[in-house]
Structure formats: C-alpha cells, structure tokens
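Structural description and commentary
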Amino acid sequence: MAYAVAACGARTPRLVGTSEVGVDAALLAYAYVPGRRLNAVDDGELTDGLLRDVWRQFQRLQEARLAHRRLQGDAVLVGDDGLAYITDLRAGEIAAGDLVLRLDLAQLLTTLALRAGPERAVATAAAVLGEDALAAAVPLLQRVALSRATRAALRHDKELLTRIREQIVALEPETEVAPVRVERFKPRTIVSIVALTVAAYIVFPQVSSVDFQQLVSSASWWWVLVALFAAGVTYLAAAWMLMGFVPERLSLGRTVLVQVAASFVKLVAPAAVGGVAMNTRYLQRSGVRPGPAVASVGASQLMGMITHILLLIVFGFITGSTTTATQDLAPSRTMVVVLLALGLVAAVALTIPRVRRAVAARMKSMFSGVVPRLVDVLQSPKKLATGMGGTLLLTVAFVVCLDSCVRAFGGSLHWTAVVVVFLTANALGSAAPTPGGLGAVEGALTLALTISGLTAETAASAVLLYRLLTLWLPVLPGWAAFAYLQRKEAI
C-alpha cells in the first residue's frame, strides 16, 4: 500500500526500509514527517485550503482504485509545511471495488464533517471531486458503514449524517442513486452462528435415535395436546416470574419472546446460565441499569430456588406418607440427619473470623443488589403477586406437562409423586454443567419415574416426549425469536 500510494501521486510518508523480525513479524521504517494528526489540529487551522488538499490526496487514491478503509482523523497527518499526508495504511487494499471506494468516501466525508461541519466538508469535496461523485456516497452515509471510532463520535451529533446527505442533495437534487444495504459482521452474529451449529450438532443425534413410528402409534394424542399446551404455558409463567421482580414496566409480549429465545440459548449453555444471561441482557436493553438488571434477575432466581426447595421438601414428605410406591423419593430420616449435621458444621465454621469474612465478601455483592430489589417488590402487592404467581405457575405447568406425558403412554402416578419427580430432576438439570441439562435430566426423570412404579418402557417414552416438547421442539421458534429480538436490539 505504501508503494501504491506513493506511485499514484498521493502524499504519504516514504517507506525507506523493511526488515524481517522473527518468523511472523516485519519492521517497516518510514521517513519522518513532522506534523500533527488531523484530530490534534485546532479548529482555526482547518482552512478550506487544507480541506481541499485532503480531498486532492483522496482523489488520487480513488483514481488508482486504492481503498484506505480507515480514513479517520488519525489517518490524516497535517505536516508542519501545511500539507496533508495520508498515513495508517495497514488496512488498505489495492484494486478495490466500487463499493469499497464509496465506503471510503462516506467515511472521509463524515470524518471531516465532525471537525469542520457538514457544509464545509461537502463544499470542499465538491470543489475537488465534483458533485456527481458525492452523490454516490449518499446511500452509504449510515452508521453501520463507518468505523467504530466514528460511530462513537456520532453519538454526540446524531443528526450529522442527515445534514451531510442534505448538503449533497442540495447540490444535486435530481440525482438518483440505488440504496445500499450494509450490515456489519458483529460479535453477536458470530455467537448466533456458533450457537445454531452447536444446537444442530446436539439435536440431530438425539432426534435420529428416536423411534417416531412407535412414539406416534402408541401415544394418546389427547394427552399429548395437553402436554403441549402446558409446555407453552411455561413461557408465559417465566415472563411473569421475571416481570414480578422488576419494578420497571416491561412489555408482556416481548418478555415472553425473550423466554422463548432462551430455549434456544440453553442448548449451548448450562440451563442455569443461559436464561440468566438472556434476561439480564433484555433488562439492560429495556432501559434498566446493569446493576439493578442483575439484581432483578438474581432476585427472581433466588425466590425461584427458595420456592423450589420448599416445594421439594413439602411434597417429598407428603409423597412419602401417602404412598408406598414412591417412598424412596421422600427424604429419609438419615438424609434429614445428614442435612442437619451439615448445617451444624456450617454454623460452626461461620464462627471462625476468616471463614466468616470470606463468606460475607462472596455474598455481599449479590445481596447488596438483590435484597433492595426484593424490598421494592414487597412494597407492591401487584408485583409480588405477579412474581410469585409466575414462579408457582411455572412449576405447575411443568408438572402438568410431565404428568400428561406419562398418561399419554398409559401410565398413571399420584400427582404428588409427579411433583417430586419433576422437582428432583429439575434441580439436577439446573446443577448439571451440560447444555439444557442434557443427560442429567433424562437420567433423573427415567430413574425417578421407574422408582415411582412405572415400567421402564413407559418411563422412557414419557421422558422422551417430555423432553421433545420442552427442549427440542422450541429450538427453531427459539432461534427465530432470538434473531427477531436481535434485529429489534432488544437483547
């Protein structure tokens, strides 16, 4: 690029030598040109003559089909001799196409307009390049087409691009240029592609092992529809659960979409991580500050965990006292003694100052934000009812879904036993480090249902249908919701 720029007649520091440095690097030495970057030049020194000189150097690049790709303020050097030099050629390319050259024009127009105003930037460009050449840049005067530093600078003058376009159109009001759709390859696009690839890698082997013929022929479709409806209700319940612990107002429809999108994300992240990350991002995009957003999601998760543990203990004892078939699922006397012993050990450990300080330091960051959020929710009966109602409805919907899957294959269990089975498997799935709790949930559900009295074949079929409705079927709708929310910049 240095040789090509010099050969086309554009002013640039002369490349005087190169040298290999190690295996993967080279040293390039340029002649020193005393001066300052355009960013460092005072406004009073930005004369029309200097701006026209910048445009003349740019014109020579364009005529030689050389694209700079980084024409920001630090890429133009104003020498002590008052002349403009083009520098920072590391991202440039030779034999550039028309679109890339037009992008360079839009970038330099915006860079000079940020310093000298759109009127002077357009006027001096028209004097050198001509009005027709400027018209080609109009469709590309959009934030996504500009460099990151320029986009950041435009936050302080959001109407600048519009004013540049207006100045160009005023020179050539009859000019018609086809619109250009420009999309920047963002990190979130990479995440979406990787997530979809991993999801496909996980889903296809799982689905390919399913005997759909046997599943379809033996299932009672009335109960399958009930299970499908219950699985759909879980997304509404999850949305209410989140909204109840956020004092700010949220859209119910969009919050439900976020929960659907989370069903796609959890295929590439542990179940306890994907939903938390999605909800936190959604709250931040909805205008909630990062700290309160994390605290709100933490509050909903904390209340959900407390509710889950209490329900597991209560229904475990109820199940153990009402039916012998599921007695093994109830907390045993030995387990209670072990838990009490662990609690006693923890209490003794907290009497040690060093342990107490370590625990306090770890818990302080969470409770410093979560507790105030819970206090805000407690002061609003409507919010409290929404949050706790969503928490309970989420459990009820999953239990109904699992029970319907069991009944779809001719099985039948006491409803308290189904509650214990679900709560146990869900706890293991949340703790498992696998995406969506894969392996842990299936194993726990199948074992628990078998212990509860179902045959191994019925238990396996019910678990397969349950996971199909709650994990695999939502993948494509979840991906569609994820893509839609990204386009709307809601996540």
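Predicted model only: the values in this text are computed from it and were never measured.

1. Quick look at the overall build of the chain
Helices and strands together make up the secondary structure of the chain, namely 20 helices and five strands. The proportion of buried residues among the 491 residues of the chain is 42%. Put simply, 75% of the contacts in the chain that link residues at least 6 apart link residues at least 24 apart. Accessible surface, the chain: about 25600 Å² in total, of which carbon and sulfur atoms supply 63%.

2. Considerations on the sheet that holds strand 5 (residues 84-86)
The strands making up a sheet associate through backbone hydrogen bonding, with each pair oriented either parallel or antiparallel. Taken together, the three strands give an open sheet; going across it, the order is 3-4-5, and neighbouring strands pair in antiparallel fashion. The open sheet terminates on both sides in strands that have one partner only, identified here as strand 3 (35-37) and strand 5. Within this sheet the neighbouring strands show an average axis-to-axis angle of 30°, counted without direction. Strand direction decides the pairing type here: strand 4 (residues 76-79) and strand 5, joined by three bridges, are antiparallel. Its bridge partner lying in strand 5, Leu77 is registered against Tyr85.

3. Looking at the pairing of strand 1 (residues 15-21)
Consecutive side chains along a regular strand alternate between the two faces of the sheet. In the sheet, strand 1 pairs with strand 2 (residues 25-30) via six bridges, with the strands oriented antiparallel. Considered in strand 2, the bridge of Thr18 is made with Leu28. Linking two consecutive strands that pair antiparallel, namely strand 1 and strand 2, is a turn of three residues; a positive phi of about 75° is found at Gly22 within it.

4. Comments concerning the environment of Arg151
Of note, Arg151 is situated in helix 6 (residues 148-154). Between the C-alpha atoms of Arg151 and Thr110, which are 41 residues apart in sequence, the distance is 9.8 Å.

5. Examining the pattern of salt bridges
Counting across every chain of the model gives eleven salt bridges. Note that Asp43 is salt-bridged to Arg115, the shortest N-O span being 2.6 Å. With Asp43 in the loop between strand 3 and helix 2 (48-63) and Arg115 in helix 3 (residues 98-116), this pair connects stretches of sequence that are 72 residues apart. Asp43 gets classed as exposed once you look at its relative accessible area, which sits at 53%. Residue classification places Arg115 among the partly exposed residues on the basis of a relative accessible area of 22%. A salt bridge links Arg163 to Asp157; the shortest N-O distance between them is 3.1 Å. On the basis of relative accessibility, which here comes to 31%, the residue Arg163 falls in the partly exposed class. Here the salt bridges do not stand alone but share partners, grouping Arg11, Asp53 and Arg56 into one network.

Rules used throughout
Residues numbered from 1 in each chain as written. Predicted model: local features only at pLDDT ≥ 70, side-chain atom pairs only at ≥ 80, totals over all residues. Heavy atoms only, no water. Helix = DSSP H or I, 4+ residues; strand = E, 2+ residues; numbered from the N terminus. Buried < 20%, exposed > 50% of the residue type's maximum accessible area, 1.4 Å probe, protein only. Contact = heavy atoms within 4.5 Å. Areas by Shrake-Rupley, 256 points an atom, 1.4 Å probe, with all protein chains shown as cover. Pairing = 2+ DSSP bridges. Axes fitted to C-alpha atoms, helices over the stretch in contact; angles between N-to-C directions. Salt bridge = Lys/Arg side-chain N within 4 Å of Asp/Glu carboxyl O.

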